[in-house]
Amino acid sequence: MKQRATFWGGLGALALLALGGAAQGQAISAPPTGGNGFKVGSGRLHPFFDLETRLDSGVGYFTPPNLPEPDLTPVSANLASDVALRFRPGFRLEIPSPKLEFHLGANLDYVMYTGLVTKSATTASRMEGAANLNARFNPDAPLSVEVSNQFARSDRTRTAAVGVGVLSLFNEARVRTPWRPGGGALELIPSAAYAVEFFQPLSTVNPIGCSESVCAPSAVERFDYGNLRLGAEGRWRFLPKTAFVLDTNLDVRHYLKDGTPSASLLRALGGVAGLVSPKVAVVAKAGWGQNLASTGGGTFLGQLEGTYLYSPTLSFKAGYLRMIEPVAAYNLFVDNRVYGEVRALFGGKLTLAGLMAVDFLRFDGGRNDTLYSVNLGPEYQFYPWLTGAAGYMLGSRSSSVSGGGLNFTRHEGFARLSVTY
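Thresholds, definitions, all that
- Residues numbered from 1 in each chain as written.
- Predicted model: local features only at pLDDT ≥ 70, side-chain atom pairs only at ≥ 80, totals over all residues.
- Heavy atoms only, no water.
- Helix = DSSP H or I, 4+ residues; strand = E, 2+ residues; numbered from the N terminus.
- Buried < 20%, exposed > 50% of the residue type's maximum accessible area, 1.4 Å probe, protein only.
- Contact = heavy atoms within 4.5 Å.
- Areas by Shrake-Rupley, 256 points an atom, 1.4 Å probe, with all protein chains shown as cover.
- Pairing = 2+ DSSP bridges.
- Salt bridge = Lys/Arg side-chain N within 4 Å of Asp/Glu carboxyl O.
- Core = buried A, V, L, I, M, F, W, Y, C linked by side-chain atoms within 4.5 Å.
- Phe/Tyr/Trp six-rings, centres within 6.5 Å; stacked < 30°, edge-to-face > 60°.
- Lys NZ or Arg CZ within 6 Å of the ring centre and 35° of its normal.

J.: Explanation requested: the overall build of the protein chain in the structure shown.
T.: Along the protein chain, the regular secondary structure elements total 1 helix and 21 strands. The buried share among the 421 residues of the protein chain stands at 45%. Nonlocal contacts in the protein chain, meaning residues at least 24 apart in sequence, comprise 59% of its contacts between residues at least 6 apart. Of the roughly 20,000 Å² of accessible surface on the protein chain, 64% is carried by carbon and sulfur atoms.

J.: Hey, could you run me through the pairing of strand β21 (residues 408-420) in this one?
T.: Residues in a regular strand project their side chains so that they alternate between the two faces of the sheet. Side chains of β21 alternate between two faces, with F408, R410, E412, F414, R416, S418 and T420 buried and T409, H411, G413, A415, L417 and V419 left unburied. Pairing geometry for strand β2 (residues 43-61) and β21, over 9 bridges, is antiparallel. In the sheet register, L55 faces β21, and the bridge partner there is G413. In terms of strand pairing, strand β20 (residues 386-399) meets β21 through 12 bridges, oriented antiparallel. Note on β21: the bridge partner recorded for G395 is R410.

J.: What should I look at first to understand the pattern of salt bridges in this one?
T.: Should their charged atoms come close, side chains of opposite charge can pair. Counting across every chain of the model gives 33 salt bridges. For R86, the salt bridge identified is with E128, shortest N-O distance 3.0 Å. Taken together, the residues R86 in strand β4 (residues 79-95) and E128 in strand β6 (residues 126-137) connect sequence positions 42 residues apart. Residues R86 and E128 agree in their burial class; the two are buried. Between E233 and R235 there is a salt bridge; the shortest N-O distance is 3.1 Å. By relative accessible area, E233 is classed as partly exposed at 22%.

J.: Looking at this structure, how should I read the nonpolar core?
T.: Nonpolar side chains tend toward joint burial in soluble globular proteins. Ranked by internal contacts, the top residues of the largest apolar core, which has 23 residues, are F223, V327, Y330 and F363. Those elements that place two or more of their residues in this core are β8 (166-176), β9 (186-201) and β18 (350-363). The residues touching V327, leaving out its near neighbours within four places in the chain, are T159, A161, F223, R253, Y255, T260, L332, F333 and F363. Counting 8 residues, the second largest nonpolar core, distinct from the first, contains V59, A80, A121 and A124.

J.: Help me out: how do you make sense of the packing of aromatic side chains in this one?
T.: Note on aromatic pairs: each is described by the distance of the centres and the angle between the planes. Taken as a whole, this structure holds 9 aromatic pairs when the rule is applied. Here W236 and F244 contribute two aromatic rings whose centre-to-centre distance is 5.7 Å and whose plane-to-plane angle is 15°, an arrangement assigned as stacked. On the accessibility criterion, F244 (40% relative accessible area) is partly exposed. What links up through ring pairs into an aromatic cluster is the set W236, F238 and F244. Over the ring of F363 we find R367; its NZ or CZ atom is 4.4 Å from the centre of that ring.

Remember, this is a structural readout, not a statement about activity or role.
Right, dumping it as structure tokens:
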């Protein structure tokens, strides 16, 4: 009864998310637009529903069988596996207009663990969700205003210091004002955003071998934060499809439940971006990141990325990115990421995609983590209103801090059917 009440209560929450403008584009998995949808002014409303089954080897940490409950006797556990059913209703609303361009998408995602592999994993069944809102006033004018909001509740966090077995609630509101004086070769974009992220454990059991609070899901509330970001972007197109770029931003980070000092992290990167040939695009930027707060700290930043368009239906991308970010418990960390992606479309219906990345994380204080991620799978459009997808995801992490919460390998295989109108 409790799970049923949670499910129907979540359906009502979907409407509240839409009206409130909450958003998170990354987590929304709406299928390609099909059918005519419902006419809304000059736009269309497209409802959709996803049904997915997933075998997940990294659900969380739960009380081992035949042992007392963790609130009676402290115990630890290995990462549990289980089969999940996911029910994802949602919608996408798109309203084009020369005065107000409006996009709104939202979905609920009820994750029901069956207990077929790990019986106690059923306690991790939960409601997740995501939504995104983007409104652009006077999109074709030299000066326009963009207002957006992102929202997500899921077990995929934005904080690199946090391991597996954690649920994240994230929201970010943003305002941008693109300005294209003259003929549009020069573009200046000041922006401001405020984000919050809250964490909660999926269980109260500590991972095997966890001797420090940073590896225990039960202690993740210390990473709760608020973040104000002020930014400015500049682009000058010295060729029709190539530009000099300058990106600067200042993150003012404060932590809600941890004693880590606040950070004021200033980043600036400049370089070029665009086509170097009809088939090759390059992004090359370099810069510096510096913490202006009393704790200090800074490092070189950079990005080098190349995209090769073999044909209109086959592309390859590879790159390297070095960034610095604030984080609770450690002050700052540096991420050196190497990544690659391939996408192919066959017959206008079958899409194959593969993404791979390796992240080398170095935290203040001496902690070092290595993360490997893989996402592979096909998607096929049977009809304009019916799409099927399958895939495999790998997430592997090793850390100089001991404990299962930060040292694990997570395999996920899924199959999904998506119906849209």
